[in-house]
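Here is how the chains run, residue by residue.
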Amino acid sequence: MKRRILVWLLGMLPALAGAAVSWQPWSPALFEQARQQHKLVLLNLAAGWCHWCHVMDHNTYSDPRVTAYLQQHYLTIKVDQDARPDLANRYRDYGWPATVIFLPDGSELVKRAGYIDPDAFLSLLQTVAENPAPLTDTPTTRPVTQHALSDTLRHSLEERHRKSYDQTHGGLKLAQKFLDADSVEYMLLQARLGDGTEGERARQTLNSAARLIDPVWGGAYQYSTGGDWHYPHFEKIMSVQADYLRLYSLAYAQWQAPEDLARARAIRDYLLTFLRSPEGAFYTSQDADPIPGQHGADYFSLNDADRRRAGIPHIDTHRYSRENGWASEALVQLYQASGDKQALQAAVQSMDWILAHRRLPGGGFRHDQQDPAGPYLADSLAAGKACLALYQATAQRHWLACATQAADFIHD
């Protein structure tokens, strides 16, 4: 009992230490308040599962010098990027955490990616407050003039695909190794069309990426550092679970390799055990850290009983349409590849709940119960694709109607 109380108190320390920062939600009213008070606006765009977000909360936003300067010169916003896809998409290249500083009119002054230590952060805050010059790198958009790939562009993309492949470790040539769903699905497609090289690359990548599947609870960690697959960061995000489940199911349908089916089932089991609500809808993610800000390598080396004794890492219990659509479509893929009725039933229950609690008039879908900036394309698209997959698997026409209405909503 004493151990549990100590673990709970340690887990509360980051929140208590960072309490001096007066975080507010994103709103136009806050920018008007900043104008009236002649202050800048700082956005801390973070994620509940993010290790370095926790570290920055604990080390930087709890530093008395930082909190005092913020209070004097800034209004501060904290947003969960999973809850606000519009902000997450805009600042994805700077996360997580993403730090963005604005003038009261919304002009961007600074965009920074990842953890910033207290000294560097205080220097940044002071520099920007003393010389608030807006950024000039606003992206431009170009209208589409061609609706199909030209031969030249297609060949260029194919060449980039080939050159991006890591011949030694599989996957992409990146310092962070993760299962890139688009490139692996393209490899599987090309292999089905007879390209043996792409088949070998898909096989190598899938075998290598399996090292990021939790051997105790199932589920896939987000990525590994160090340029190989041996140094995982332990957060389990729904997008990663859905990609793993769908790709290993596709691979099993293509090659009938027992290891691919076992890996897909390990993801299924994790979803059903840890990320499913009592009503059948799926939660969003599980934290990387058993204690926020403390790296989880020692914890995730434990067996099931010892992990549970130490406490389960935090689970984000929001039930978003997008994440449920991703999970359900992937579960249907497992059913179609293997006849797994448990997977199909879970997909049906998930989408039944989403239809009952997240559907909008006209056939679209909300992100959450309240949607301050929605509706978002991703929610209606993911839910519509899941409904279409369920129609393909069951031939029940209400799923076809759901998919059709979602498509009409997007079009309108």
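To be clear, the structure that these remarks concern was listed above.
Nothing here was measured: the structure is a model prediction, and the numbers come from that model. (Residues numbered from 1 in each chain as written. Predicted model: local features only at pLDDT ≥ 70, side-chain atom pairs only at ≥ 80, totals over all residues. Heavy atoms only, no water.)

(A) Structural view of the nonpolar core. Ranked by size, the top nonpolar core spans 89 residues in total, and within it Y244 and Y248 carry the most contacts. A total of ten residues in this core trace back to one element, the largest contributor, which is helix α10 (residues 238-255). (Core = buried A, V, L, I, M, F, W, Y, C linked by side-chain atoms within 4.5 Å. Buried < 20%, exposed > 50% of the residue type's maximum accessible area, 1.4 Å probe, protein only. Helix = DSSP H or I, 4+ residues; strand = E, 2+ residues; numbered from the N terminus.)

(B) Layout of the environment of L103. Counting through the fold element by element, L103 comes out in the loop between β4 (98-102) and β5 (108-113). Residue classification places L103 among the buried positions, given a relative accessible area of 17%. Put simply, L103 and P134 are 31 residues apart on the chain and 7.8 Å apart in space, counted from C-alpha to C-alpha. For L103, the residues in contact, after removing those within four places along its chain, are F31, L40, L109, P132 and P134. (Contact = heavy atoms within 4.5 Å.)

(C) Region of interest: the pattern of salt bridges. Summed over the entire model, instances satisfying the criterion amount to 24 salt bridges. Of the charged contacts in the structure, one is a salt bridge between D57 and K78, with a shortest N-O distance of 3.1 Å. Note that D57 is positioned in helix α3 (residues 51-59) and K78 in strand β3 (residues 74-80), a separation of 21 residues in sequence. Classification of D57 by relative accessible area gives buried; the value is 18%. The partner of E159 in a salt bridge is R162, with the nearest N and O atoms 2.8 Å apart. You can see E159 and its partner R162 sitting in helix α7 (residues 151-163), three residues apart, about one turn around the helix. (Salt bridge = Lys/Arg side-chain N within 4 Å of Asp/Glu carboxyl O.)

(D) The pairing of β4, seen in detail. Within β4, five of the five residues are buried, leaving the element largely enclosed by the surrounding structure. Neither face of β4 is open: one carries A98, V100 and F102, the other T99 and I101, and all of them are buried. Relative to β4, strand β2 (residues 40-46) runs antiparallel, the two sharing five bridges. When the sheet's bridge partners are listed, L43 is paired in β4 with V100. With five bridges connecting them, β4 and β5 associate as antiparallel partners. Bridged to I101 within β5 is V110. Between β4 and β5, which pair antiparallel and follow one another directly, the connecting turn spans five residues, one of which, G106, has a positive phi of 95°. (Pairing = 2+ DSSP bridges.)

(E) Quick peek at the sheet that holds strand β9 (residues 285-286). The strand order across the open sheet built from three strands is β8-β9-β10, with neighbouring strands paired in antiparallel fashion. Sheet topology places β8 (236-237) and β10 (315-316) at the edges, where each strand pairs with a single neighbour. Across two bridges, β9 lies against β10 in antiparallel orientation. Residue pairing across strands places Q286 opposite I315, the latter belonging to β10.

(F) Structural view of the state of the cysteines. Overall, the coordinates contain two disulfides when judged by the stated rule. A sulfur-sulfur distance of 2.5 Å marks the disulfide that ties C50 to C53. A torsion of 85° about the S-S bond marks the disulfide between C50 and C53 as right-handed. Accessibility assignment for this pair places C50 and C53 in one class, buried. One disulfide bridge connects C387 with C402, the sulfur atoms lying 2.1 Å from each other. Residues C387 and C402 are joined by a disulfide whose S-S torsion is about 55°; by sign, that bridge is right-handed. Highlighted residues: C387 in helix α16 (residues 377-394) and C402 in helix α17 (residues 397-411), separated in sequence by 15 residues. Look at C402 and you get buried, because its relative accessible area is 2%. (Disulfide = S-S within 2.5 Å.)

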